[in-house]
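# Summary of structural features
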Amino acid sequence: MTATPETTGTAPAPASDDPPPRPRRTGLGPRERSSTIASTVAMVVIGASFMVPLLWVVLASFNTEATLSISWPENWSLGNYAAIWNMETTFRPLLNSVILCGGAAAVTMVTAVLCAYPMSRYRFRAKRPLLLGIIFSTGLPITAIMIPVYALFVQVNLIDSMFGAILFLGASSLPYAIFLTKGFMDGVPVEIEESAWTEGAGVYRALWSVVLPLMRPGLAVAAIFTFVMMWGNFFVPFMLLLSPDKLPAAVTLYTFSSQYGQVAYGQLAAFSIFYSLPVVVLYLFLGRSLGQGFAAAGGVKG
Amino acid sequence: MSTSAPVAEHDPPSSATRPTPPRRGRLGNRLTAGRAVPMVPAFLLLAGFMLGPIVYSVYLAFTDKAIRGEGAEQTEFVGFSNFTDAFADADFWNSVVLTVIFTVISALLGQNIMGMLLALLIERAHRVITFTVTAIVIAAWILPEVVAGYLLYTFFSPDGSLNAIITAIGLPPQQLLFSAPIFAVSFANIWRGTAFSMLVYSAALSSVPSDVYESAALDGAGPLRRFTSVTLPLLRPAIATNLMLTTLQTLSVFGLIFIMTGGGPARQSQTLPLYTYEQAFSYGQLGYGTAVALLLLLIGAVASMAYLRLLPEEDKR
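Residues numbered from 1 in each chain as written. Chains lettered and ligands numbered in written order. Predicted model: local features only at pLDDT ≥ 70, side-chain atom pairs only at ≥ 80, totals over all residues. Heavy atoms only, no water.

### A closer look at the overall build of chain A
A count of helices and strands for chain A gives 16 helices and zero strands. By the burial criterion, 56% of the 302 residues in chain A qualify as buried. Put simply, 74% of the contacts in chain A that link residues at least 6 apart link residues at least 24 apart. Entry remark: accessible area of chain A is about 12,700 Å², with carbon and sulfur atoms responsible for 67%. (Helix = DSSP H or I, 4+ residues; strand = E, 2+ residues; numbered from the N terminus. Buried < 20%, exposed > 50% of the residue type's maximum accessible area, 1.4 Å probe, protein only. Contact = heavy atoms within 4.5 Å. Areas by Shrake-Rupley, 256 points an atom, 1.4 Å probe, with all protein chains shown as cover.)

What follows is the structure, given as structure tokens:
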């Protein structure tokens, strides 16, 4: 690890060693027990209020007579799922999402890893300004630059091009991916590469077969996080893609709800669940490490 | 949350405490042109798709570029007139006010207080409940924006779950999407965004050593006192950071509002991103829309500066 100042407080990799759990006080006194009860009750109330919209979508998806209000289905049915179980409504949009987000996440991760390597391993004068610039651009509201992006894409004929959308989506998540990846890479000691070098491996060889395997958990976090954020992105494909057969699920759900929203709540709910399932599953893989990635992100900015 | 004192590159601060990094060959660990080659693809992408549009937007904002009509055939430089037009437009100011309301209610107050509250409760409440509730809150955050918007549209709609619940307990039904849409979308943003603050504060709280609380308790400080005089000061960097991040995220929220209300009815929930979108694409005024987007960026920058002042002295650069 280089002795540059910004590496000290920022590396998510060391932080991903679980912090020691708060010692649970043993032998609760009556006051602490009542505070536990009060806290639990408060949590149940908050949890219940957060729960209602989620419960609605699950119940409505199994209810062919679903309304806008939460209600227990009288006849549980897979009818809504069966109704949208076709290429046009469900599979093509989801496939488009996989192509768009998978392609963009691949672009992001490959370029981020390559970019992070020199930033992690070498010292240079512009390093700190560069890192700060990257961190600041993670906070850049994409909403604010979509008009110039649209105008530029019209000029270079990239509107309605999957390729163009992949490149823009990839570029827009690059700053955070570089930041995360560099942090995880800093956690891999340089000495290990040196032994690879003495055996004649080049830089890329060392990166590929020594560094990357050692930071696999961190890479997985960065890649999954990148993919999940892209999967949920509505505005970028909404602006840059036009043809119905290219639209990802984020956009078709919107058109679906504005076209059939008045009648087919249950089908909309079923589609929402299909569309959300991949990110929920991926999130389960991330588990606790996602929160720690954020804590680390807070660390450098704070 | 550790932050290090910034030191110039040529003066490694830890050389006294840490062995100097091993030198490799004649060049040591300095970056050379050849070693910078892997960074090229990333910089090309960022230059082409991020920096490029930003530079272009500064140009666009001073032109009358449009999708149709005047300014579509040939674009002319119009000086500051896009900005003066915005300042003279009542709809623009309406959007500014709504953006401020939306950001203050949902990010500054809602997400932060709710996130802090949950982070504090996590430390005390029963484990099973904690696990379940955090899973629910995180699910609301991890769901795609369109799904969240759609779910909260159904929740607040006249025939939705909210009215089903409040009429069941004997209260009059509410029509928030029509009577106070900015509140409906603010609540939606709290629902969706609280998990982020919860994760940040929970991580920050777990780094506070528990003996600090114990000694404060021994000095006779009650729970509230311990929170205001021990927890809050220790969490100040986390709070400042989180305020900044949630504010910036909230300033750019588009899809959630677009799906729930479309900015309506009668512009009552048209925050700046929706106003910008309407101007640029419904009316085709790309130059004007870009000018307003730049103003939005400016508001974000000013807000960030304000939060940086909240940071403790030693964390500032």
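### As for the overall build of chain B
What chain B contains, in helices and strands, is 14 helices and zero strands. Reading chain B from its N terminus to its C terminus gives the helix and strand order α-α-α-α-α-α-α-α-α-α-α-α-α-α. Expressed as a percentage of its 317 residues, the buried residues of chain B come to 52%. The contacts of chain B with a sequence gap of at least 6 include a subset with a gap of at least 24, amounting to 67%.

### Concerning the UniProt feature "transmembrane region" (unreviewed entry) in chain A
Residues and elements named next belong to chain A. Mapped onto this structure's residue numbering, the UniProt feature "transmembrane region" (unreviewed entry) falls at residues 41–62, 94–117, 129–153, 159–179, 219–243 and 263–286. Helix makes up 88% of residues 129–153 and strand makes up 0%, while its end C-alpha atoms are separated by 29 Å. For residues 159–179, helix accounts for 81% and strand for 0%, while the C-alpha atoms at its two ends are 29 Å apart. (UniProt positions renumbered as here; feature names shortened; annotations may be inferred.)

### Some thoughts on a nonpolar patch on the surface
Residues and elements named next belong to chain A. A cluster of nonpolar residues, Trp85, Met87, Phe91, Leu95 and Ile99, forms a patch on the protein surface that exposes about 500 Å² of accessible area. With respect to the helices and strands, Ile99 occurs in helix H5 (residues 87–121). Assessed through its relative accessible area of 41%, Ile99 is described here as partly exposed. (Patch = residues over 30% accessible without salt bridge, like charges linked within 9 Å, V, L, I, M, F, W, Y side chains within 5 Å. Salt bridge = Lys/Arg side-chain N within 4 Å of Asp/Glu carboxyl O.)

### Topic: the packing of H5(A) against helix H12 (residues 216–231) of chain A
Relative orientation and spacing of two packed helices are given, respectively, by the angle between their axes and the distance between those axes. Residues and elements named next belong to chain A. At a minimum axis separation of 9 Å, H5 and H12 run at an interaxial angle of 140°. Here H12 runs oblique to H5, going by the angle between their axes. Note on packing geometry: the crossing formed by H5 with H12 is right-handed. Judged by residue contacts, Leu94, Ser97, Val98, Cys101, Gly102, Ala104, Ala105, Thr108, Met109 and Val113 of H5 engage Leu219, Ala222, Ala223, Thr226, Phe227, Met230 and Trp231 from H12. (Axes fitted to C-alpha atoms, helices over the stretch in contact; angles between N-to-C directions. Parallel < 35°, antiparallel > 145°, perpendicular 65-115°, else oblique. Left-handed = near helix turned anticlockwise from the far one by under 90°.)

### Concerning the interface of chain A and chain B
Counting residues at the interface gives 102 residues for chain A, matched by 108 residues for chain B. Each partner contributes to the roughly 9,500 Å² buried at the junction of chain A and chain B, and carbon and sulfur atoms together form 74% of this total. Here chain A is connected to chain B by zero salt bridges. There are six residue pairs in polar contact (both at pLDDT 80 or more) connecting chain A and chain B. No other element matches the 16 residues that helix H3 (residues 30–61) of chain A contributes to the side of chain A that touches chain B. (Buried area = accessible area lost by both parts, 1.4 Å probe. Polar contact = N/O pair within 3.5 Å; in protein donor to acceptor, adjacent residues only side chain to side chain.)

### What about helix H13 (residues 272–282) of chain B?
Within H13(B), ten of the eleven residues are buried, leaving the element largely enclosed by the surrounding structure. Those residues of H13(B) that fall on the buried side of the exposure criterion are B:Leu272, B:Pro273, B:Leu274, B:Tyr275, B:Thr276, B:Tyr277, B:Glu278, B:Gln279, B:Ala280 and B:Phe281. Taken together, the buried residues of H13(B) touch helix H7 (142–155) and helix H13 (235–240) of chain A together with helix H3 (90–124), helix H11 (236–251), helix H12 (255–260) and helix H14 (286–310) of chain B. Looking at the residues trailing H13(B), positive phi occurs at B:Gly284, about 75°.

### Things to note about the UniProt feature "transmembrane region" (unreviewed entry) in chain B
All names here are of chain B. With numbering matched to this structure, UniProt assigns "transmembrane region" (unreviewed entry) to residues 36–59, 96–121, 128–153, 173–191, 243–266 and 286–308. Secondary structure content for residues 128–153 is 92% helix and 0% strand, while the C-alpha to C-alpha distance between its ends is 30 Å. This span, residues 173–191, is 79% helix and 0% strand, and a straight line between its end C-alpha atoms measures 21 Å.

### Some points on unusual backbone geometry
Leave glycine aside and you will find that most residues have negative phi; peptide bonds, for their part, are mostly trans. We note that A:Asp160 has phi near 65°; this positive angle belongs to a residue other than glycine. In this fold, A:Asp160 is placed in the loop between H7 and helix H8 (162–172). The phi angle at B:Arg267 is positive, at roughly 60°, despite the residue not being glycine. Position of B:Arg267 among the secondary structure elements: in the loop between H12 and H13. Here B:Arg267 falls in the partly exposed class, since its relative accessible area comes to 23%.

### So, the pattern of salt bridges
Residues and elements named next belong to chain A. Inspection of the entire model under this criterion finds six salt bridges over all chains. One salt bridge connects Glu193 with Arg121, and the closest N-O pair in it is separated by 2.7 Å. Residue Glu193 is located in helix H10 (residues 190–198), and its partner Arg121 is located in helix H5; the two are separated by 72 residues in the primary sequence. In this pair, the class of Glu193 matches that of Arg121, namely buried.

### A few points about the packing of aromatic side chains
Inspection of every chain in the model, using the stated rule, returns 39 aromatic pairs over all chains. With 6.0 Å between their ring centres and 35° between their planes, A:Trp231 and A:Tyr275 make a pair best called tilted. One end of the pair, A:Trp231, is in helix H12; the other, A:Tyr275, is in helix H15 (residues 265–286), and 44 residues separate them in sequence. Overall, A:Trp231 belongs to the buried group, its relative accessible area being 3%. Plain terms: the ring middles of A:Phe238 and B:Phe258 are 5.4 Å apart, the flat faces sit at 55° to each other, and that makes the pair tilted. With A:Phe238 in helix H13 and B:Phe258 in helix H12, the pair connects residues from two separate chains. One exposure class covers both A:Phe238 and B:Phe258, and it is buried. Chaining the aromatic ring pairs together yields one cluster made of A:Tyr150, A:Phe234, A:Phe235, A:Phe238, A:Tyr254, B:Phe254, B:Phe258, B:Tyr277 and B:Phe281. (Phe/Tyr/Trp six-rings, centres within 6.5 Å; stacked < 30°, edge-to-face > 60°.)

### What to know about the side chain of A:Ser243
Relative to the helices and strands, A:Ser243 resides in the loop between H13 and helix H14 (249–260). Engagement of the side chain of A:Ser243 in a polar contact is seen with the side chain of A:Asp160, the distance being 2.3 Å.

### Details of the environment of A:Arg121
In this structure A:Arg121 comes out as buried when scored by relative accessible area, which is 2%. Spatially, the C-alpha atom of A:Arg121 lies 7.5 Å from that of A:Val190, the residues being 69 residues apart in sequence.

### Considering the packing of H5(A) against helix H11 (residues 203–214) of chain A
Residue and element names in this part refer to chain A. Running from amino to carboxyl end, H5 crosses H11 at an angle of 95°, the nearest separation of the two axes being 12 Å. Classified by the angle between their axes, H5 and H11 sit roughly perpendicular to one another. Only Val203, Tyr204, Leu207, Val211 and Leu212 of H11 make contact with H5, whose side of the interface consists of Val113, Leu114, Tyr117 and Arg121. Split into classes, the residues belonging to the contact of H5 with H11 amount to eight nonpolar, no polar and one charged. (Nonpolar A, V, L, I, M, F, W, Y, C, P; charged D, E, K, R; others polar.)

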